[in-house]
Amino acid sequence: MVVEQQQQHKKTKKRFALFLATCDSELVKKAYGGYFNVFVSTFGGDEEGEQWDLFRVVDGDFPGDDDLDDYDGFVISGSPHDAFADADWIVKLCSLCQKLDEMKKKVLGICFGHQIITRVKGGKIGRARQGPDMGLRTITIAKDNEKLGLYFGNEVPASLAIVKCHQDEVLELPDSATVLASSEVCQVEMFSIGDHFLCIQGHPEYNKEILFEIVDRVLNMKLMEQEFADKAKSTMETAQPDKDLWQKLCKNFLKGQI
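Here goes a summary of the coordinates provided. Residue indices begin from 1 for each chain and proceed along its sequence in written order. Since the coordinates come from a predicted model, pLDDT governs what is reported: local features require at least 70, and pairs of side-chain atoms require 80 or more to be given and counted, while whole-chain, interface and lining totals use all residues. Hydrogens are left out, water is left out, and the side-chain values use all remaining heavy atoms of the structure.

1. Concerning the overall build of the protein chain
Basically, it comes down to this: Elements are defined by DSSP. Helices are runs of H or I of four residues or more, strands are runs of E of two residues or more, and each kind is numbered from the N terminus. With the radius of gyration taken over C-alpha atoms, the globule rule is written as 2.2 Å times the number of residues to the power 0.38. Summary of the burial criterion: residues with accessible area below 20% of their type's maximum are buried, those above 50% are exposed, and those between are partly exposed, where the area comes from a 1.4 Å probe applied to protein chains only. The contact rule is simple, with two residues in contact once any of their heavy atoms fall within 4.5 Å. For every accessible area listed, the method is Shrake-Rupley and the probe measures 1.4 Å; residues are considered covered only by the protein chains on display. The positive count covers Lys and Arg only, the negative count covers Asp and Glu only, and His and the chain ends enter neither. A single reference atom marks each charge: NZ on Lys, CZ on Arg, CG on Asp, CD on Glu.
Scanning the protein chain from N- to C-terminus turns up 9 helices and 11 strands. On C-alpha atoms alone, the protein chain measures out to a radius of gyration of 18 Å, which is about the 18 Å that the 2.2 N^0.38 rule sets for 258 residues. The principal-axis extent of the C-alpha atoms belonging to the protein chain is close to 65 × 40 × 35 Å. Out of the 258 residues in the protein chain, the part that is buried amounts to 51%. Pairs at least 24 residues apart make up 74% of the contacts formed inside the protein chain by residues separated by at least 6 positions. For the protein chain, the exposed surface amounts to about 12700 Å²; the carbon and sulfur share of it is 46%. Here the protein chain contributes 31 positively and 42 negatively charged side chains, and the mean placements of these two sets differ by 1 Å.

What follows is the structure in structure tokens.
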């Protein structure tokens, strides 16, 4: 009987995986113990026994094909790498996403992940038309979208503030995609495909501290001008991202709480 109960518990316990496509910065390791903890604190922890696993795909760490069905959902993180590049691990990640698509597994794509799913589904990605974007931005939510109504509940917000940090964007949507949000600088801020892919260009998991550290790091690498860095930081002097609403949207998508 005990064995049967343990097996039943194992079957009902929600299990998720993070595909980490970036390396942990010194600040993130010191302040949060790594990006894995940043993501789990944002999207996980609602259910007793809920399990999250980390796969550092940027280092070639992937789950086996036979293990994919053990998971209820997946999250693909952002990355400093180009989603249209052909590094071995990026090609392997694309292949894995194709399998997850066929299995209709829930996948939340963040920034780089948003672009990877675009690539896998036949869309086009490339350098952002209006150049790199960093800072807190307000994006406009598509009106009268039934799916968003399910994820948000009774009232879908007209707009949401989110931290942006990217130099690439979706140039052409896959045929099967539905745009869920846009902005003045980016036509595709969020989209969905079926009930199993949700893709967000911004970073629901980022806060002011993480953004500032990235800005300083990129500035020190002389990949941006001081004026650009100052403008990016100024966007968060008196405003904050709508983290609670982003959490609600992403958790409801991943965990089927609709």
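2. Let's talk about the nonpolar core
Definition in use: Each nonpolar core is a collection of buried residues, namely Ala, Val, Leu, Ile, Met, Phe, Trp, Tyr and Cys, held together in the definition by side-chain atoms within 4.5 Å.
Within the largest apolar cluster, 47 residues are counted, with the highest numbers of intra-cluster contacts made by Tyr35, Leu108 and Met190. Top element by residues in this core is helix H7 (residues 208-220). It accounts for 6 residues. Those residues in contact with Met190 that lie beyond four places of it in its chain are His114, Ile141, Leu148, Thr178, Val179, Leu180, Ala181, Leu198, Cys199, Ile200, Trp246 and Leu249.

3. Observations regarding helix H9 (residues 243-255)
Think of an α-helix as 3.6 residues a turn; residues three or four steps apart then line up on the same face. Cut-off, in case you're wondering: To estimate how far a helix should reach, multiply one less than its number of residues by 1.5 Å.
An ideal rise of 1.5 Å per residue puts 18 Å on 13 residues; H9 measures up with 18 Å between its terminal C-alpha atoms. Within H9, the full set of buried residues consists of Trp246, Gln247, Leu249, Cys250, Lys251, Asn252, Phe253, Leu254 and Lys255. One or two residues past the end of H9 sits Gly256, with phi positive at roughly 65 degrees.

4. Quick look at the sheet that holds strand E10 (residues 190-193)
Operational definition: When DSSP finds two or more bridges between a pair of strands, those strands are recorded as paired. In this analysis, axes come from line fits to C-alpha atoms, helices being fitted only over the stretch in contact, and the angle between any two N-to-C directions falls in the range 0 to 180 degrees.
Read across the open sheet, the 9 strands follow the order E2-E1-E3-E4-E11-E10-E9-E6-E7; overall the sheet is mixed. Edge positions in the sheet fall to strand E2 (51-55) and strand E7 (159-166), since each of these pairs with one other strand and no more. Adjacent strand axes in the sheet meet at a mean angle of 25 degrees, parallel and antiparallel pairs treated alike. Bridge analysis of strand E1 (residues 15-19) against strand E3 (residues 73-76) gives 4 bridges, and the strand direction is parallel. Residue Ala17 lies in a different strand from E3, and its bridge partner there is Phe74.

5. Focus: the pattern of salt bridges
To be explicit about the condition: For this document, the term salt bridge refers to a Lys or Arg side-chain nitrogen within 4 Å of an Asp or Glu carboxyl oxygen.
Applying the stated rule across the entire model yields 19 salt bridges. With its nearest N and O atoms 3.8 Å apart, the salt bridge here joins Asp65 to Lys99. Separated by 34 residues along the polypeptide, Asp65 in the loop between E2 and E3 and Lys99 in helix H4 (residues 88-103) bring together distant segments of the chain. Under the relative-accessibility criterion, Asp65 is labelled partly exposed at 46%. By relative accessible area, which is 28% here, Lys99 ends up partly exposed. We note a salt bridge from Asp133 to Arg137, for which the minimum N-O separation is 2.7 Å. The exposure class of Asp133 is buried, given its relative accessible area of 7%. Several salt bridges share partner residues, and in doing so they unite Asp133, Arg137, Lys164 and Glu189 into one network.

6. Details of unusual backbone geometry
Residues other than glycine seldom take positive phi values, yet Lys104 does so here, at roughly 60 degrees. The exposure class of Lys104 is exposed, given its relative accessible area of 54%.

7. Observations regarding the layout of surface pockets
In plain terms, the rule: Only protein atoms enter the 1 Å grid used here. Points where a 1.4 Å probe fits but cannot escape make up a cavity, open sets with protein on both sides within 12 Å along at least five of seven lines make up a pocket, and a residue lines them when an atom lies within 4 Å of a point. Grid points are joined across faces, edges and corners, and a volume is the space filled by probe spheres set on the points. Basically, the charged four are Asp, Glu, Lys and Arg, the nonpolar ten are Ala, Val, Leu, Ile, Met, Phe, Trp, Tyr, Cys and Pro, and anything else, Gly included, counts as polar.
Approximately 760 Å³ is the volume attributed to the largest pocket. Elements with a contribution of two residues or more to the lining of the largest pocket: helix H3 (35-43), helix H5 (112-120), strand E6 (133-141), E7 and H7. In the lining of the largest pocket, the residues fall into 16 nonpolar, 10 polar and 6 charged.

8. Describing the environment of Phe62
Relative to the helices and strands, Phe62 is located in the loop between E2 and E3. Distance in space between the C-alpha atoms of Phe62 and Leu20 is 9.9 Å, their sequence separation being 42 residues.

9. Notes on the packing of aromatic side chains
Selection rule: Put simply, two rings from Phe, Tyr or Trp (the six-membered ring, in Trp's case) pair if the centres are within 6.5 Å, and we call them stacked under 30 degrees between planes, edge-to-face over 60, tilted for the rest.
Applying the stated criterion across every chain, the model contains 8 aromatic pairs. With centroids separated by 5.5 Å and ring planes inclined at 35 degrees, the aromatic side chains of Phe19 and Phe74 adopt a geometry described as tilted. Pair noted here: Phe19 is in strand E1 and Phe74 is in strand E3, with a separation of 55 residues, a long-range link. Taking the relative accessible area as the measure of exposure, Phe19 reaches 0% and is therefore buried.

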